[in-house]
Amino acid sequence: MTSKVDEALGYEQARDELIEVVRRLEAGGTTLEESLALWERGEELAKVCRRWLDGARARLDAALAEEAAEEEAEE
């Protein structure tokens, strides 16, 4: 479940933290417990990013639909 803090993260903040999590996982040298915690954090951050991207896609689709409707009305 995503926390209130995660919900307040902007896309760029979540993406940057996710990049750092991936970097740390790829670097290795962490215990199994630390690796699992990093992986779980990465999953939550990916969800935050996905929500932002889905919202942006919905806004773009709505704007394009509105523009198409206006063009049809002018014809």
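Summary of the structure given here. (Residues numbered from 1 in each chain as written. Predicted model: local features only at pLDDT ≥ 70, side-chain atom pairs only at ≥ 80, totals over all residues. Heavy atoms only, no water.)

## Thoughts on the overall build of the protein
So, point 1. Within the protein one finds three helices and zero strands.
So, point 2. Walking the protein from its N terminus toward its C terminus, one meets helices and strands in the order α-α-α.
So, point 3. Classification of the 75 residues of the protein by burial places 16% in the buried group.
So, point 4. Restricting to contacts in the protein with at least 6 residues of sequence separation, those with at least 24 account for 75%.
So, point 5. Accessible surface, the protein: about 5,900 Å² in total, of which carbon and sulfur atoms supply 55%. (Helix = DSSP H or I, 4+ residues; strand = E, 2+ residues; numbered from the N terminus. Buried < 20%, exposed > 50% of the residue type's maximum accessible area, 1.4 Å probe, protein only. Contact = heavy atoms within 4.5 Å. Areas by Shrake-Rupley, 256 points an atom, 1.4 Å probe, with all protein chains shown as cover.)

## Quick word on helix 3 (residues 32-74)
So, point 1. Between its terminal C-alpha atoms helix 3 stretches 63 Å, which fits the 63 Å expected from 43 residues at 1.5 Å a residue.
So, point 2. Those residues of helix 3 that fall on the buried side of the exposure criterion are Leu 38, Gly 42, Glu 44, Leu 45, Val 48 and Cys 49. (Expected span 1.5 Å × (residues − 1).)

## Some details on a negative patch on the surface
So, point 1. There is a patch of like negative charges on the surface, built from Glu 66, Glu 67, Glu 70, Glu 71, Glu 72, Glu 74 and Glu 75.
So, point 2. Mapped onto the elements of the fold, Glu 75 is located in the segment after helix 3. (Patch = residues over 30% accessible without salt bridge, like charges linked within 9 Å, V, L, I, M, F, W, Y side chains within 5 Å. Salt bridge = Lys/Arg side-chain N within 4 Å of Asp/Glu carboxyl O. Lys, Arg positive; Asp, Glu negative; His and termini not counted. Charge placed at Lys NZ, Arg CZ, Asp CG, Glu CD.)

## Let's talk about helix 2 (residues 11-27)
So, point 1. Look at helix 2: 24 Å from first C-alpha to last across 17 residues, which is about the 24 Å you get at 1.5 Å a residue.
So, point 2. Looking one or two residues beyond helix 2, the residue adopting positive phi is Gly 28, at roughly 75°.

## Description of the packing of helix 2 against helix 3
So, point 1. In contact at an axis separation of 9 Å, helix 2 and helix 3 are set at 150° when each is read in the N-to-C sense. Here helix 2 is positioned roughly antiparallel relative to helix 3, judged by the angle of their axes. Handedness of the crossing formed by helix 2 with helix 3: left-handed. Contacts between helix 2 and helix 3 involve Tyr 11, Ala 14, Arg 15, Glu 17, Leu 18, Val 21, Arg 24 and Leu 25 from the former and Ser 35, Leu 38, Trp 39, Arg 41, Gly 42, Leu 45, Ala 46, Val 48, Cys 49, Trp 52 and Leu 53 from the latter. (Axes fitted to C-alpha atoms, helices over the stretch in contact; angles between N-to-C directions. Parallel < 35°, antiparallel > 145°, perpendicular 65-115°, else oblique. Left-handed = near helix turned anticlockwise from the far one by under 90°.)

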